[in-house]
Every structure is written in C-alpha cells, then in structure tokens.
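Chain residues, written in single-letter form:
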Amino acid sequence: MHIMHLPKAHSLQTRFFIGLCLAALVLGSIFSVVAYFHLRSAVEREVEDKARLFFTHLEGIQGYVRKTLRPAMYERFPATFIIEAMSSSYISREIMSPSSAPNKGSLFRRVAVGARNPDYEANELERQLIGYFQEDPSRQIWQGYHSIEGERHYIMARPVRFEQSCLYCHGRPEDAPPDLIKIYGMRGFGKKEDSIAGLDFVATSMAQVAGGMRQSMLTYFAFFAASVLLIFFATHVLFRVLVVNNLSHLSAVFHRHASGEERAALQQFEDQDEISKLVGGIETMGEHLFEARRQLQDYADNLRRMVEERTAALSWETQARRADVQLFVSLLQDMAKSRSRPELWRRTLPQVCRRFGARRIAYLCTMASTDAYVWPEGAALPKKPADFVEILTSGTARRQGATVFIPVGSSAGYAEGLLFLDWPDEEKATEHDLKLLQALGRQLGIVAENISALDGLARQMNILETIVEGISDPLVLMDSSCSALTVNVAAKKLTSELSGGTRSDGNILAPFFNLSSGLCPLRYVRASGIADFRELSLLNRRSFSISLYPVQDQSGSVAHVVVFLRETTMEGHLQAQLLRTEKMAGVGRFTAGLAHEINNPLGVIRCYTDLLRQAISDPQQLDDLQVIERHTHQAQRVLRDLLNFARPKAVGSGIADAGQVAQSVSEVFSVQAAQKGVRIAVRHQEPGLLVRLGIGELEQVLSNLIINALDAVSEETGEICITVAAGNKAMIAIEVADNGPGIPGSDVSQLFDPFFTTKDIGAGTGLGLTISYGIVNDVGGCIEIGRSKELDGAGFTIILPRVQQDWS
C-alpha cells in the first residue's frame, strides 16, 4: 500500500508554498481592483461611442434628405408635400427608432417644444436640455448620466436649429404646403431662423452594456483561478524536484565525504530543514578547509624561500638579458631615425659601447669606400687583425686578447664591414657571449643595407612626386578599395571644389560615382584589366573626360588604377556655340528666301482686301475681310522678324549705356507688369557702363527677354530683376532673372532655334530669342542660360563687349 508523505510544517517546501499563496492573494486583489476600474472605463467609452455613432448616422440621414431627397421631390412635385420623403424629422425617426428600441438598450428621440406631432412633445428632462442650449446658442452638445425609469442611462443630446430651408414648413402658415396643414393643422409654425426649439436625444442603458462585459469578466476570473491552481501545483512539483531534492543530495554529499568527527558534527542538523542542513555542512567543511589552508601556508612559505634562493642565482643573468633587450630596442629606435649610413653609426656605436662596458668601439667599412667610425670621438682606430679577411668571410665573431672583432654582413651574406670592441683587460672581454655580439653585427648590417635601399627609393619617390605634381590636370593612384594613395595638387583642389570643401583627399571618383556600388568604373577596370574612358557631366553643366588605366603587379593581377581627369566644359561650350552659329546662319539664309517668296502673295492679299472693302457694304462680309486682314498682318509681322533675323547687320553699329537702356526698358514694361502684379527691379553697380551695341538693338534684346519673363512668372507674386555689372575690363554682363519655374534642361539646346517656343499657340512666334541671339552674336557677344541664384528662376545673361571711355 502506497502512503503519501506530506511535507513537514517547518520544512522549506511548506514555507515556500505558504509564501506563494500569500503572494497570489495580494496579486489577485490588486488585479481585481484594476479590472474593476478598467471595466468601468470600458463601459463608459462603449456607451459614449455608441451615442456618437447614432449621431453620425443621424447626420448622414438628415444631410441626404436636405441636400438630395427633398430638393428632388420639390422639383418633381412642387405643389405637393410628401411627409415620407420630405420631412427630415419623420425620416430620422423611422430609420433610427428600430435600432434604438428599449430592449436593445438604446433610446432615440427627436423632440421639440410645441411639436407638430404631440407624440414628440419634449418631456421635463428634454425641456431642461433645450433650455440649456437656448441659454448659450454656441453650445453644440450635452452628455452625461441620468436615471430613466429607475435605470441609469448615458445621455447625449444636441440642439436642433431651424435653417432657412426649414422655414418653408415651420415659418408662416401661409407659406407652408397645404398638405402639411391638412395633416397637422396649425401646430409647429412660427419658427425663426437659427432658433432652437428642439433636440436630438440618445440614451444608452448602462446596465445592458455592462451585462455582457460582466459575464466576460466572470469567465476570465474563473479561468484565472484555474490557472493559478495549476501554477501552484506545477510550482510545488518543480520546487521539490529542482530545489529540495538537490539540497538534500548536496547534504548527503557532505555526509558521505566527512570524516568521523565531521560526520558526528553534521548529525546535530538532521532535524532541521534542508537549508539549515546545507549551512551546517558548509560551516563544518569550512573549518576543515581552514585547517588545510594553514598546512598549505606552511608549505608555501617553504616553497617561497626556495624560489628566492633560485631567483637570486638567476638575477645577474636576468639583468644582463634585460640590458640586451633595452639595447636592441634603443638601436631599433635610432635605426628608424637614421637616414644615412654615417648617421646610423654615429647613433648606434656609443650605445653598444656603453652596454658592454667597452673602452672603445670602432667600425671599418669594407664596401666601396674605406670610411671608418670610432667612439669616443678622437680615439685612435684599432689595428686590423692579421686574419681580417677570414673573419669577414667566415661571418663569426672572434676574440683576440681584450678585443673582439665582429663581422657586419648583409642579409645576402655579403661583408659590409668590421666592428671592433676593445676592453681594458682580457677578463672583461671574456664576460660577454660571442654569439650575442655576432647577432648584433648581423642586425647592424641588415639595417645598413635597408637604409641604402630606402635612400634610393626615396630619391625615386621624389622624382615621381615632382612629375605627378607637375601635371596641371587631376591625377590619382587608387587601390582596390577605391582609396586614393597618391594625388597631385590639382586633384585635391578639384575634390574640394566639387564637394563644397567637405573633403580634400583628392579622390576624384567620389563626386561622380558611389564607390561602394558595382557601377564604379574602377571595379570594372580591376575586373577586366582594360583601360576605361568616359565623359561625365554635373548638374551645374560642368563636363569632364575621365580615363582609368590599370596597373598590374608581378602576378599579373590589377592591384592599382591610375585615374586621370580633364575638364572639358569650355570645349563643350565652344563647340555648342560654333554649332549654334552655323545652324543659325543656315536657317537665316533659308528663312530670307522663304520670307521673300511669301511676302509677295501677302501683299497681293492685302491689296485685294482693300479693294473688296470699298466694293461691299454687308457687315458680315466686312467682318470676314477684317479677319483676313488681321491674319495677313500677323503673317507679315512674322516675315518681318524673319527678314530682320536673316538680314546682315553692321558689326558694332552703335554704343549704348547698358544701365540707362535697362532702366528705360523696365519703365516701358512697368504698366504691363503692374497689371499682372509683377515687380520689376533694375540694379547696376556703376554708371556709364557702355557696350558696343546700338540703343535700339539693346532695347530689342532686353524687350524680348522681359516679355518671356512676364509670361513665365505668376501673377501677384512674380519678380523680375535686371542686373547690369562689369564682368571684366573687356565685357559687360546684363542678367534678366525671374522667379518663375525655370527652363527645363531638355529645352536649353533648342531655345535659340527659330520658331521654337513653349508658349501656347498664337502667343508667340518663336523668333524673339533667335533674333536676340543674332544681334548679340554679331557684335562678338553671347547669351548664357542658367538658373538665378537669387530668384531661383530662369536667368539669361547677355555678355557684350565693353567700350572703354577715354578720359584724357
């Protein structure tokens, strides 16, 4: 028979279970309070949202009746009043009442004081609410709680205001539809516009809304109680398995490994709980460990004495090795600072001599020269040994009396020279290891060899840098990670210019490409091993020609890329200007012939128009002749512009004051600008800026540009600015800028073409800019197109030759 063992009242598991129950009770109480207030808040929000939903539906219904249904019924049945389709109150009650039945927890009423239908006369509560809105007509809504038939309801009410369209049925009886008087008699009349005599009333039962939520909360609380019981049971089992059993096992381990006296000491904790047993076991084992520690301390003291004796024996050797390490470190530092062989020996010889306590040190070079270095300075150079050549070729250090001879060789085994170390007596010389001195000589030889190689490399680098810096165009050497290794001054200057000063590392690819993407041409050159040539353009209309040349390493792979950049902006501008000039000349010749061929038939048409006007008197026919004549004048005006464009002009035919002409032209267009609400401003830096162009020609050019600007800017907010400035000693710049939308990039190349226009049909001939360009070009000037920095619209800059005044 299996007997269930209950935990002792003082056991760890029992105390844990009691504490868990108390914690659950406290948490349950807190949760109940929070759930109550949450339920109450949720119920209030739900009834408020329900009431607002009623009013939203009501507004939709009434708006449809007033704006759509009622006007349609008046249009079809002007002498009939159909209450089911024309009364907003009737339709609202019929639609909203089924959804607000008392059994559904909601109540909707549309009532009034002196209502036309007695069933919808306002009760006491509703009269109070109507009075509330009448006291302050600006009030739009009332909401709150009130008891209806002993049950608490949430109430939301809003006033009903009589609009102008309502007075047809609620104003004077003689204006109302006869059908309405037949139905209700004389009730409900005498209302005034914006008066408040009724309200829309929605009441929601709190009890019915809270009933469903209360049932849900009871179900949730039942589920919560069941979950707590399940958690208690699981916690009870897990605590026993994971804590109590492990503590009991640990106490058993203490008992099993304890000695006789320690086991007897542990018996006194048998009647206590698991934690007390464990603490007692730890205290007993601690006393045992303390005794063992004391024994180990004695052993450690003995071991320390032995180590100190051994350390004293090795102290001298350690100091010597430390001095050797310090010597090598110091020599490495001096080697790094040395730039030539003489400097190397002047730095290193004194330190080597001091380290080994020598009286004298010397170095004899056996390479191309016979240079010798000795320290202390002024000391005599020791004599070379008889077996001098054998020492150099063997590569081993030798001791002869108080002097040690150390060969100094290169990494390839070639002899560089011989190092002499001389002590006062032979005993001092024998204290030092020959292998160490031999390694020192080999290291000095390798350093001397590297210094010679670095010196040659530095000279080659200086030559290369001189060549690179001498190139006026940007030149950069880049690695596989798109980083600039070598750059010239031109590359740094261009990088800083294109980046607005944010970077000056000379990486000329960064302003044009995303270096981390696969579209970077450097990656293509590295992968293909083929040079790459491209033409690039920036938003500011600057253009560049870029060339990338791969540089292969010894294995044949591309390790570096040379990037060469050349700006072609000016070349592009000159080519475009030359092409435009040739095209304009060809178009001019063509249009001149075409204009002469068309002008003669137009003259005949005008002549016969005049003859017909004298022969007829019918007004309709005269109007038709006037249309023919108007279009003939327009065609002749276009032909006149074509002839002006094609007719050769005298170069430098006159002189004009640019500032005065700009001021006079702006005054001519000031009336037209004022009618559109556009402001025209003229600015010139100094008076007397004379240009080599006649006054009439300059006025025509400025007029064409101002007309285009007036068409481009918006009314009331448009701005046009004419700026006259001295570009340099030889040229004058006249800028006509506006705050319009600007010129699309796709239209820039066609602006000066004949008959090209962006205006509506009939608003322009497309010859204004063409003629202006021809006038300016004939005197050696040009017209530049861009975006105004000040007004952010189109900017046309006229560059004209300057006339120098003779003040002598």
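A brief report on the enclosed structure follows. This one's a predicted model, so the numbers in the text were calculated from it and none came from an experiment. (Residues numbered from 1 in each chain as written. Predicted model: local features only at pLDDT ≥ 70, side-chain atom pairs only at ≥ 80, totals over all residues. Heavy atoms only, no water.)

This next bit is on the overall build of the protein chain. From N to C terminus, the protein chain includes 21 helices and 21 strands. Taking all 808 residues of the protein chain together, 36% fall into the buried category. A separation of at least 24 residues holds for 60% of the contacts in the protein chain among residues at least 6 apart in sequence. Carbon and sulfur atoms form 57% of the exposed surface of the protein chain, whose accessible area is close to 47,700 Å². (Helix = DSSP H or I, 4+ residues; strand = E, 2+ residues; numbered from the N terminus. Buried < 20%, exposed > 50% of the residue type's maximum accessible area, 1.4 Å probe, protein only. Contact = heavy atoms within 4.5 Å. Areas by Shrake-Rupley, 256 points an atom, 1.4 Å probe, with all protein chains shown as cover.)

On to the packing of helix 20 (residues 695-712) against helix 21 (residues 768-778). In the contact formed by helix 20 and helix 21, the axes pass within 9 Å of each other and the chain directions differ by 145 degrees. The interaxial crossing formed by helix 20 with helix 21 has left-handed handedness. Here helix 20 contributes Glu-697, Gln-700, Val-701, Asn-704, Leu-705 and Asn-708 to the contact with helix 21, which in turn contributes Gly-768, Leu-769, Ile-771, Ser-772, Ile-775 and Val-776. Classifying every residue of the contact of helix 20 with helix 21 by side-chain character gives 6 nonpolar, 5 polar and 1 charged. (Axes fitted to C-alpha atoms, helices over the stretch in contact; angles between N-to-C directions. Left-handed = near helix turned anticlockwise from the far one by under 90°. Nonpolar A, V, L, I, M, F, W, Y, C, P; charged D, E, K, R; others polar.)

Below, the discussion takes up a nonpolar patch on the surface. Together, Phe-233, Val-237, Leu-238, Val-241 and Leu-242 make up an exposed nonpolar region whose accessible area comes to about 480 Å². Summarising the element assignment, Leu-242 is placed in helix 7 (residues 206-257). (Patch = residues over 30% accessible without salt bridge, like charges linked within 9 Å, V, L, I, M, F, W, Y side chains within 5 Å. Salt bridge = Lys/Arg side-chain N within 4 Å of Asp/Glu carboxyl O.)

The next point concerns the environment of Ser-670. With respect to the secondary-structure elements, Ser-670 resides in helix 19 (residues 670-676). Residue classification places Ser-670 among the partly exposed residues on the basis of a relative accessible area of 34%. It is 9.7 Å that separates the C-alpha atoms of Ser-670 and Ala-681, two residues lying 11 residues apart in sequence. Within the structure, Ser-670 has its side chain in polar contact with the backbone oxygen of Glu-667 (distance 2.6 Å). (Polar contact = N/O pair within 3.5 Å; in protein donor to acceptor, adjacent residues only side chain to side chain.)

Next up on the list: the nonpolar core. Grouped together as the largest cluster of nonpolar side chains are 38 residues, with contacts concentrated most on Val-691, Leu-698, Leu-702, Ile-734, Ile-798 and Leu-800. The element contributing the most residues to this core is helix 20, with 7 residues. If you look at the next biggest cluster of nonpolar residues, it comprises 26 residues, including Trp-345, Tyr-363, Ala-429 and Leu-440. (Core = buried A, V, L, I, M, F, W, Y, C linked by side-chain atoms within 4.5 Å.)

Under the definition given, this model contains 4 aromatic pairs. Summarising the aromatic geometry, the rings of Tyr-145 and Tyr-154 are spaced 5.4 Å apart at their centres and angled 65 degrees between planes, so their arrangement reads as edge-to-face. For Tyr-145, a relative accessible area of 32% puts it in the partly exposed group. Taking the relative accessible area as the measure of exposure, Tyr-154 reaches 4% and is therefore buried. Centre to centre, the rings of Phe-533 and Tyr-549 are 5.7 Å apart; their planes meet at 75 degrees, and the pair counts as edge-to-face. Taken together, the residues Phe-533 in strand 12 (residues 532-537) and Tyr-549 in strand 13 (residues 543-552) connect sequence positions 16 residues apart. According to the relative accessible area criterion, Phe-533 is exposed, its value standing at 54%. (Phe/Tyr/Trp six-rings, centres within 6.5 Å; stacked < 30°, edge-to-face > 60°.)

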